[in-house]
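Here is how the chains run, residue by residue.
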Amino acid sequence: MDRLEQLGVGYLHRRERRLRMTAESCALAAILISAAIFAAWVLHAARLEATFPLLFEMKANSALGYIAAGGALLLIVRGRRTAAARIAMIPLLIGLATLIEYAGIRLPIDELMLRDWSSSAGQHPGRAPPNTAAVLAALGCVFLLLALIDRSQARNIAVRIVCFAIAAVAMEALAGHIAGSSFAIGWGTLQKMSIPSAMCGLMLSIGLLAHGWRTETGLISRLPIWIPALLCFGIALLDVYTPLDLNVGICYIPVVLCALWFERGNVAIAFAAISTMLIILGLFASPAGHIPFWFAATNRSFAIIAVWLVALLVYLQHVARKKLWRSEHHLESAQRIAAIGSFELYFAKMALHGSGVFDAMHGLEAGRAHDWAIFLRQSIPPDERNNLEGVVDAARGGVRSRDLEYSFLRPDGAVRNGVLHCDLLRDAEGAPVGIIGVVHDVTEVRRAQAEQADIEMQLRHAQKLEALGMLAGGIAHDLNNTLVPITTLTPLLIERATHYDAEILQIVMNAARRAKELVREMLVFSRKDQTAHEAIRLDRLVRDSLTIIRAGIPASITIVDKLGDVPEITGSKGQIYQTILNLATNAAHAIGDRAGTITIGATCETGRAMQPAEIRLYVEDDGAGMDSETSARIFEPFFSTKEARQGTGLGLSIVSGIMKSHGGSIAVRSAPGRGTRFDLLFPARAAAVAA
Amino acid sequence: MKEDVVPILILVIDDDAAIRLSLSILLQAKGYDVVVATDGADGFAQFLKHRPQIVMSDMIMPGHEGLSTIRKMREHAPDMPIIAMSGSVEGGPASFLQKAQAAGASLCLEKPFETDELLGILAELERA
């Protein structure tokens, strides 16, 4: 993915900037050249003409047309389309009017700007040559197309074809000047296209093409656009130099081959088009040979066929490459999404070739072969290496190993799990030469499985307890009745028994208490949701329960009543009773057999404007206390500090649930050896607050 | 309990023979006189016959329900302490407490209670 992005987005941004700069530079160069020539005409500089006669071969009209065309290109690049459309009318009108004059209709276009005073004035003084006029008119049309029509493929193709035609005409003229071929420069006996004019036309067409590429196609190629352009020009020059009977047209094939570097196949078609035009123009521009014209024409026709054949092959290769790229992209995406990497390991060099996902998975550098030994050392924990080496050894012996789960290290130190499925690579004789395989990253799967197992275990535990609770609900009445003789008569016997028997009877008594506690806890579990909320005075409810609480704890423990008058809350009497009982029992457990105090209190916490906001109920003991680690876990279900058979670990979890269902909260403060205090905060009842 | 004082008579109503027996043993051992009844109707008859100072009645019994027995006895003896006992858990201990008190019970005992618990309550009732 990273590699693709590097190739794609980042590269395209740089490329776009460069293409935009190319377009702007071309426009500026054309404006500068034409402006200098226009200035020379205006200044009427005879000395300048004597020094640079070449400059004055470009007429003032053409110069003005090119200045406007350059301006239009700059505006188009900057996205100011309306202004560009207005300015584009100048080259269009100059070009068209000039062409009309060539048709014999007299328009005052030749002397529009200036009278032609140059010494080289030819047949039509002041008139731009027909090819320059055509170039100007074409440029005007292209700018109008770009400015007035919204982006579409058809528009872009039209613009590109016209640009190629302009480039071909200008290139041919330049080559003609260099080769001294008059036909290439001008048509027939008419005015000749000047060098500056040809350069301006070429630059503007290149600028326009660069702009079109910027907006339409992303280029994969790192080949700059000027290389095919230069190649084209060089071949055109060669073509124009060489007598027409030589089949120089075939030389354009390298131009078409340049299209291989571009992302789009239709670039080959565009290059073939420009080459075809140059081949045809070259036929007329090159010096006459000694064979008949029809023979040269046939030669060039074959050249055109060859050029198009090559273009077609390049195009088809593009299509095939695109298909391959797409399928590679699919494979890569599939591997990435499924977290599966593939690899091949060849025994000859022990070289490991991984897919992009395989390399990324193991934190290897992408796109190159890795040494197997180094891979083992870097990515595989020592105790896993033998297993993987075992797979390789078995494969050398022609045995395909079963799937293997192993851990591997990421460069950041993270340990991940992979499952290796592999097969043998064999040579023509069937001897094993390597391993081909896939690795499935199952880290997340294993993590999810572990979590699920944990949840399932908790669920089973909860279900078991719930079933027990329901069972207990059914037999609780009988069980409680059955326990009465034991709990009432055993103490009586203890009073009368010998010391030894009393100890034995105490065991019986403790067992009965334990049974009583168990029934109670399971009952709470079985009737969790069957509670109705009502208005309750906490101090009264707790005071009423104190007798029963007292009965349940050893006589060595004193209960201190600090219950103040508090406003009503809304809640379930049964649940709150259960809560107090639970906390008091826990407190008694924490104190143990020694003497201690359990303080139960209730206070009213006032909120803003002295309104009762919360009722605080607390149970405090001076027992053993807990460390912070234990107090952090006490509300977890099934967490118990009591011995395995002494508690279900549900008590405080139930209390916490009860407090939540009352919209309240529970807090614990404890330190080892300094006792524990539970604070229950209940929201005051709305009516109580109003009262 | 001192010998010269007339023992307090307690009526124990419970359908469970083991409970009747064990409470009789315990209470007699602690110096109380005990009469027992096996259900609500029997309990009410015994109440009328012996006029006990304290009644301990189970809440849920076949035949005659504990609550209505308590209510009937309360009508005849508005000041007599009635201890409601229950091993039932329907609606939770607080709900039981509420129902029993509404029927006229003075105190409630959740089964299985312990000797000290019961004796403590009886001592408090005696003082009152």
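A quick note: this is a predicted structure, and the numbers were derived from the prediction, not measured.

Asks: What am I meant to see in the overall build of chain A here?
Replies: For chain A, the helix and strand inventory stands at 22 helices and 13 strands. The buried share of chain A, reckoned over its 691 residues, is 46%. Long-range pairs, those at least 24 residues apart, make up 68% of the contacts in chain A with a sequence separation of at least 6. Per element, the accessible surface of chain A, about 34300 Å² overall, is 61% carbon and sulfur.

Asks: What is the right way to read the nonpolar core from this model?
Replies: Nonpolar side chains in soluble globular proteins tend to be buried together. Residue and element names in this part refer to chain A. The biggest cluster of nonpolar side chains holds 81 residues, and the ones touching the most others in it are Tyr66, Leu139, Phe143, Phe271 and Ile274. Here this core takes 11 residues from helix 6 (residues 153–179), the largest share from any one element. Ranked by size, the runner-up nonpolar core spans 38 residues in total, among them Ile557, Leu563, Leu652 and Met659.

Asks: What am I meant to see in a nonpolar patch on the surface here?
Replies: Together, Ile269(A), Trp308(A), Leu312(A), Tyr315(A), Leu316(A) and Val319(A) give the surface a local cluster of nonpolar side chains, amounting to about 490 Å² of exposed area. You can see Tyr315(A) is positioned in helix 12 (residues 293–338).

Asks: How should the packing of helix 3 (residues 60–77) of chain A against helix 4 (residues 81–102) of chain A be read in this particular structure?
Replies: When two helices pack together, their arrangement is captured by the angle between the axes and the distance separating the axes. Residue and element names in this part refer to chain A. Interaxial distance between helix 3 and helix 4 falls to 8 Å at its minimum, and their mutual angle equals 155°. Relative to helix 4, helix 3 is oriented roughly antiparallel. The crossing of helix 3 and helix 4 is left-handed. Contacts from Asn61, Leu64, Gly65, Ala68, Ala69, Gly71, Ala72, Leu75 and Ile76 of helix 3 reach helix 4 at Ala83, Ala84, Ile87, Ala88, Ile90, Pro91 and Ile94.

Asks: In this structure, what is going on with the pairing of strand 2 (residues 351–354) of chain A? I would like to understand it.
Replies: As a general feature of sheets, a regular strand has side chains that alternate between the two faces. Residue and element names in this part refer to chain A. Two strands pair when backbone bridges link them, and strand 1 (residues 340–346) and strand 2 are joined in this way by four bridges, in the antiparallel orientation. By the bridge assignment, phenylalanine 343 is partnered in strand 2 with glycine 354. In sequence, strand 1 turns back onto strand 2 through a hairpin of four residues, with methionine 350 there showing a positive phi of about 50°.

Asks: I keep staring at the sheet that holds strand 2 (residues 33–37) of chain B and nothing clicks. Help me out?
Replies: Backbone hydrogen bonds hold the strands of a sheet together, and the pairing may be parallel or antiparallel. Residues and elements named next belong to chain B. A sheet is described by the order of its strands in space; here five strands give the open sequence 2-1-3-4-5, paired in parallel fashion. Two strands close off the open sheet at either side, each with one partner strand: strand 2 and strand 5 (107–110). Taken pair by pair, the neighbouring strands of this sheet meet at an average axis angle of 20°, ignoring direction. Across five bridges, the pairing between strand 1 (residues 9–13) and strand 2 is parallel. Following the sheet pairing, isoleucine 10 is matched in strand 2 by valine 34.

Asks: What exactly am I supposed to notice about the pattern of salt bridges here?
Replies: Close approach of charged atoms lets side chains of opposite charge pair. Residues and elements named next belong to chain A. Counting across every chain of the model gives 19 salt bridges over all chains. A salt bridge links aspartate 441 to arginine 416; its shortest N-O distance comes to 2.9 Å. With aspartate 441 in strand 6 (residues 432–441) and arginine 416 in strand 5 (residues 415–426), this residue pair connects regions lying 25 residues apart in the sequence. For arginine 447, the salt bridge is made with glutamate 444, and the minimal N-O distance between the two is 3.3 Å. Linking arginine 447 with glutamate 444, this pair stays in helix 16 (residues 443–496), spanning three residues, or about one helical turn. Residue class for arginine 447 comes out partly exposed when judged on its relative accessible area of 45%.

Asks: What is the right way to read the confidence of the model for chain B from this model?
Replies: In low-pLDDT regions, the fine details of the predicted coordinates are not to be read closely. Overall, the prediction assigns chain B a mean pLDDT of 84, with 88% of residues at 70 or greater. Predicted as a complex, the structure gets a pTM of 0.42 and an ipTM equal to 0.87.

Asks: What should I look at first to understand the interface of chain B and chain A in this one?
Replies: Reports of interface size often rely on the accessible area that becomes lost once the parts have come together. The partner chain A presents 27 residues to the 25 residues of chain B that form the contact. Both sides together, the interface formed by chain B and chain A hides about 2600 Å², and carbon and sulfur atoms give 61% of it. Applying the counting rule to chain B against chain A returns two salt bridges. With a closest N to O distance of 2.8 Å, Glu114(B) and Arg513(A) form a salt bridge. Inspection of the chain B/chain A interface yields seven residue pairs in polar contact (both at pLDDT 80 or more). Residue contributions to the side of chain B that touches chain A peak at seven residues, all from helix 1 (residues 17–29) of chain B. For the side of chain B that touches chain A, the class distribution of residues is 13 nonpolar, six polar and six charged.

Asks: Which parts of the structure should I look at to understand the packing of aromatic side chains?
Replies: Think of a pair of aromatic rings as described by two things: how far the centres are apart, and how the planes are tilted against each other in angle. All chains considered together, the criterion is met by six aromatic pairs over all chains. Plain terms: the ring middles of Phe343(A) and Phe358(A) are 5.3 Å apart, the flat faces sit at 35° to each other, and that makes the pair tilted. Note that Phe343(A) is positioned in strand 1 and Phe358(A) in helix 13 (residues 356–362), a separation of 15 residues in sequence. The burial state of Phe343(A) is the same as that of Phe358(A); both residues are buried. Ring plane angle 35° and centroid distance 6.1 Å describe the contact between Phe358(A) and Phe375(A), whose orientation is recorded as tilted. Remark: Phe375(A) occurs in helix 14 (residues 372–379) and Phe358(A) occurs in helix 13; sequence separation between them is 17 residues. Taken individually, Phe358(A) and Phe375(A) each receive the classification buried, so the pair is uniform in this respect. Chaining the aromatic ring pairs together yields one cluster made of Phe343(A), Phe358(A), Trp372(A) and Phe375(A). Geometry around Tyr618(A) places Arg677(A) over its ring, the cationic atom sitting 4.0 Å from the centre. Lys72(B) extends its terminal NZ or CZ atom over the ring of Phe44(B), reaching a point 4.6 Å from the ring centre.

Asks: I keep staring at helix 1 of chain B and nothing clicks. Help me out?
Replies: Each turn of an α-helix holds 3.6 residues, which means side chains three or four residues apart point in the same direction. Residue and element names in this part refer to chain B. Compared with the 18 Å implied by 1.5 Å per residue over 13 residues, the 18 Å span of helix 1 between its first and last C-alpha is a close match. Among all positions in helix 1, only Ile19, Arg20, Ser22, Leu23, Ser24, Leu26 and Leu27 are buried. Once helix 1 finishes, glycine 31 follows within two positions and takes phi at roughly 95°, a positive value.

Asks: Help me out: how do you make sense of the sheet that holds strand 2 of chain A in this one?
Replies: Residues and elements named next belong to chain A. Ordered in space as 3-2-1-6-5-4, the six strands form an open sheet in which the pairing is antiparallel. Each end of this open sheet is capped by a strand with a single partner; those strands are strand 3 (370–371) and strand 4 (404–409). Looking at chain direction, strand 1 and strand 6 are connected through seven bridges and run antiparallel. Bridge pairing in strand 6 places glutamate 344 opposite isoleucine 436. Where helix 15 (residues 382–396) meets the sheet, its contacts fall on strand 1, strand 4, strand 5 and strand 6, and the angle it forms with strand 4 comes to roughly 130°.

Asks: Would you take a moment to explain the packing of helix 2 (residues 40–50) of chain B against helix 3 (residues 66–76) of chain B for this structure?
Replies: Residues and elements named next belong to chain B. For the pair helix 2 and helix 3, interaxial distance at closest approach is 10 Å and the crossing angle is 15°. As summarised for this structure, helix 2 and helix 3 are arranged roughly parallel, according to the angle between their axes. Our pair here, helix 2 against helix 3, has a crossing hand that is right-handed. Each of Gly40, Phe44, Phe47 and Leu48 in helix 2 lies in contact with helix 3, whose residues at this interface are Thr69, Lys72, Met73 and His76. Looking at the contact of helix 2 with helix 3 residue by residue, the classes come out as four nonpolar, three polar and one charged.

Asks: In this structure, what is going on with unusual backbone geometry? I would like to understand it.
Replies: Excluding glycine, a negative phi dihedral is what most residues carry, and trans is how most peptide bonds are arranged. With omega at 0°, the peptide bond leading from Lys111(B) into Pro112(B) counts as cis. Relative to the helices and strands, Pro112(B) is located in the loop between strand 5 and helix 5 (115–127). Backbone geometry places Ala339(A), a non-glycine residue, at a positive phi of 55°. Within the secondary structure, Ala339(A) sits in the loop between helix 12 and strand 1. Within the chain, Met350(A) stands out as a residue other than glycine whose phi angle is a positive 50°.

Reading the values: the criteria
- Residues numbered from 1 in each chain as written.
- Chains lettered and ligands numbered in written order.
- Predicted model: local features only at pLDDT ≥ 70, side-chain atom pairs only at ≥ 80, totals over all residues.
- Heavy atoms only, no water.
- Helix = DSSP H or I, 4+ residues; strand = E, 2+ residues; numbered from the N terminus.
- Buried < 20%, exposed > 50% of the residue type's maximum accessible area, 1.4 Å probe, protein only.
- Contact = heavy atoms within 4.5 Å.
- Areas by Shrake-Rupley, 256 points an atom, 1.4 Å probe, with all protein chains shown as cover.
- Core = buried A, V, L, I, M, F, W, Y, C linked by side-chain atoms within 4.5 Å.
- Patch = residues over 30% accessible without salt bridge, like charges linked within 9 Å, V, L, I, M, F, W, Y side chains within 5 Å.
- Salt bridge = Lys/Arg side-chain N within 4 Å of Asp/Glu carboxyl O.
- Axes fitted to C-alpha atoms, helices over the stretch in contact; angles between N-to-C directions.
- Parallel < 35°, antiparallel > 145°, perpendicular 65-115°, else oblique.
- Left-handed = near helix turned anticlockwise from the far one by under 90°.
- Pairing = 2+ DSSP bridges.
- pLDDT = per-residue confidence, 0-100.
- Buried area = accessible area lost by both parts, 1.4 Å probe.
- Polar contact = N/O pair within 3.5 Å; in protein donor to acceptor, adjacent residues only side chain to side chain.
- Nonpolar A, V, L, I, M, F, W, Y, C, P; charged D, E, K, R; others polar.
- Phe/Tyr/Trp six-rings, centres within 6.5 Å; stacked < 30°, edge-to-face > 60°.
- Lys NZ or Arg CZ within 6 Å of the ring centre and 35° of its normal.
- Expected span 1.5 Å × (residues − 1).

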